[in-house]
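Chain by chain, the residues run as shown.
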Amino acid sequence: MKTALITGASRGLGAALAVALAPTHHVIAVGRTTGGLEEVDDLIKAAGGDATLAPMDITVDAAMQQLCKSIHDRWGGLDLWLHTAVHAAPLTLTSHVNPKDFAKSVDINITATSRLISYVAPLLGAEGRAVFFDDPRGGETFFASYGATKAAQIALARSWQAETGKTGPLVKIFEPQPMPTATRARFYPGEDRAVLTAPHDEAARLLPQILA
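For clarity, every value in this text was computed on a predicted model and none was experimentally measured.

A. Seen up close, the overall build of the protein chain. Secondary structure assignment for the protein chain yields seven helices and six strands. Listed by position from the N terminus, the elements making up the protein chain come as β-α-β-α-β-α-β-α-β-α-β-α-α. Over its C-alpha trace the protein chain gives a radius of gyration of 17 Å, about what one expects of a compact globule, namely 17 Å for 212 residues. In terms of overall dimensions, the protein chain has C-alpha extents of about 50 × 35 × 30 Å along its principal axes. Taken over 212 residues, the protein chain has a buried fraction of 45%. Carbon together with sulfur atoms contributes 54% to the accessible area of the protein chain, which is approximately 10000 Å² in total. If the 19 positive side-chain charges of the protein chain are averaged to one point and the 21 negative ones to another, these points end up 3 Å apart.

B. View of the sheet that holds strand 2 (residues 25–31). An order of 3-2-1-4-5-6 is seen for the six strands of this open sheet, with the pairing classed as parallel. Two strands lie at the open edges of the sheet, namely strand 3 (51–55) and strand 6 (170–174), each paired on one side alone. For this sheet the average axis-to-axis angle between neighbouring strands, irrespective of direction, equals 15°. The pairing of strand 1 (residues 2–7) with strand 2 spans six bridges and is classified as parallel. Of the residues in strand 2, the one forming a bridge with Ala4 is Val27. Along the sheet, helix 4 (residues 99–124) contacts strand 1, strand 4 (80–83) and strand 5 (129–133); its crossing angle with strand 4, the most-contacted strand, is approximately 165°.

C. Quick look at helix 2 (residues 34–46). In a regular helix each residue adds 1.5 Å, so 13 residues correspond to 18 Å; helix 2 covers 18 Å between its end C-alpha atoms and thus fits that length. Listed in full, the buried residues belonging to helix 2 are Gly36, Leu37, Val40, Asp41 and Ile44. Taken around the axis of helix 2, the buried residues stretch over an arc of 140°, which confines them to a single face. Structural note: helix 2 exposes Glu39, Asp42, Lys45 and Ala46 on the side pointing more than 90 degrees away from its buried face. Summarising the contacts, the buried residues of helix 2 are in contact with helix 1 (12–21), strand 2 and strand 3. Looking at the residues trailing helix 2, positive phi occurs at Gly48, about 85°.

D. Region of the structure containing helix 7 (residues 199–211). End to end, helix 7 covers 18 Å across 13 residues, agreeing with the expected 18 Å (1.5 Å per residue, within 8%). Of all the bends in helix 7, the greatest reaches close to 30° and is centred on Arg205; the proline Pro208 follows between one and four positions later. Here helix 7 has its buried residues at Pro199, Glu202, Ala203, Leu206, Leu207 and Ile210. Looking at the packing, one finds that the buried side of helix 7 touches helix 1, strand 4, strand 5 and strand 6.

E. Representation of a positive patch on the surface in the model. Taken together, the side chains of Arg11, Arg32, Lys104 and Arg186 define a basic patch exposed on the protein surface. Considering the arrangement of structural elements, one finds Lys104 in helix 4.

F. Broad picture of the layout of surface pockets. In this structure, the largest pocket spans a volume of roughly 920 Å³. Lining the largest pocket we find 40 residues, and of these Thr84, Ala85, Val86, Thr181 and Thr183 sit closest to its centre. Every element with two or more residues in the lining of the largest pocket is listed here: helix 1, strand 2, helix 5 (144–163) and helix 6 (182–187). Sorting elements by how many residues they give to the lining of the largest pocket places helix 6 first, with five residues. Its residues placed into classes, the lining of the largest pocket shows 18 nonpolar, 12 polar and 10 charged.

G. Spatial organisation of empty space enclosed by the protein. According to the stated counting rule, one finds one cavity of 30 Å³ or more in the structure shown. A volume near 30 Å³ is recorded for the largest cavity.

H. Structural detail: the nonpolar core. Counting 27 residues, the largest nonpolar core has Leu5, Trp81 and Phe132 as the members making the most contacts within it. Elements represented by at least two residues in this core include exactly strand 2, helix 3 (61–75), helix 4, strand 5, helix 5 and strand 6. In terms of residue count, helix 4 provides more of this core than any other element does, seven residues in total. Once residues lying within four places of it in the same chain are set aside, the contact partners of Trp81 are Leu5, Thr7, Leu116, Ile117, Val120, Leu124, Arg129, Ala130, Val131, Phe132 and Trp160. Among the nonpolar cores identified, the runner-up in size contains 26 residues, and Ala4, Leu37, Ala51 and Leu82 belong to it.

Analysis parameters
- Residues numbered from 1 in each chain as written.
- Predicted model: local features only at pLDDT ≥ 70, side-chain atom pairs only at ≥ 80, totals over all residues.
- Heavy atoms only, no water.
- Helix = DSSP H or I, 4+ residues; strand = E, 2+ residues; numbered from the N terminus.
- Rg over C-alpha atoms; globule rule 2.2 N^0.38 Å.
- Buried < 20%, exposed > 50% of the residue type's maximum accessible area, 1.4 Å probe, protein only.
- Areas by Shrake-Rupley, 256 points an atom, 1.4 Å probe, with all protein chains shown as cover.
- Lys, Arg positive; Asp, Glu negative; His and termini not counted.
- Charge placed at Lys NZ, Arg CZ, Asp CG, Glu CD.
- Pairing = 2+ DSSP bridges.
- Axes fitted to C-alpha atoms, helices over the stretch in contact; angles between N-to-C directions.
- Contact = heavy atoms within 4.5 Å.
- Expected span 1.5 Å × (residues − 1).
- Arc of directions from axis to C-beta.
- Bend = angle between axes of the 7 residues up to and from the residue.
- Patch = residues over 30% accessible without salt bridge, like charges linked within 9 Å, V, L, I, M, F, W, Y side chains within 5 Å.
- Salt bridge = Lys/Arg side-chain N within 4 Å of Asp/Glu carboxyl O.
- 1 Å grid on protein atoms, 1.4 Å probe; cavity = no way out; pocket = protein on both sides within 12 Å on 5 of 7 lines; lining within 4 Å.
- Points joined across faces, edges and corners; volume = space filled by probe spheres on them.
- Nonpolar A, V, L, I, M, F, W, Y, C, P; charged D, E, K, R; others polar.
- Core = buried A, V, L, I, M, F, W, Y, C linked by side-chain atoms within 4.5 Å.

Below, the structure is given as structure tokens:
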């Protein structure tokens, strides 16, 4: 069976994609929330799949190194990596950005992504594929921390995509539909969530494009 690493798999789109991939992939689910990962595991098992849960913080370098070494030792590599982990700093005026919030945004959205690319690339080899998810908020009012660091994350992905066009792995970038996730709720409190696309519906829409 093929293998899929999902960073940010404990909730939202990452969790939905983990369940959607269960029939065809062994899912290695990474997330900081153990309870969330266990709920995803239950759904994967109900779908007839199997998962390896990795309750880890992607900003801990030693943990990510150990995770990737374990993947290599057990499976020899990866077929797919979906990177859905992101930090959503509180909205604020750019002149009022909290230094700790900004540092955390940089650490999760940029630094951890850069390190993971370097660790996961050898596991994917020439035939694997990596997928990133854009949420273009750069330059929007009150989105300084999130917008800047998310844009930087996608810039990393686009550079990697350009560099591997002829050699692999295949790097894809998608912009999901608005979903009623915890991240979006921080940005738009009080929004009518009924009109948003459910994560499992968005996962079903994106999956054929991810695997194409």
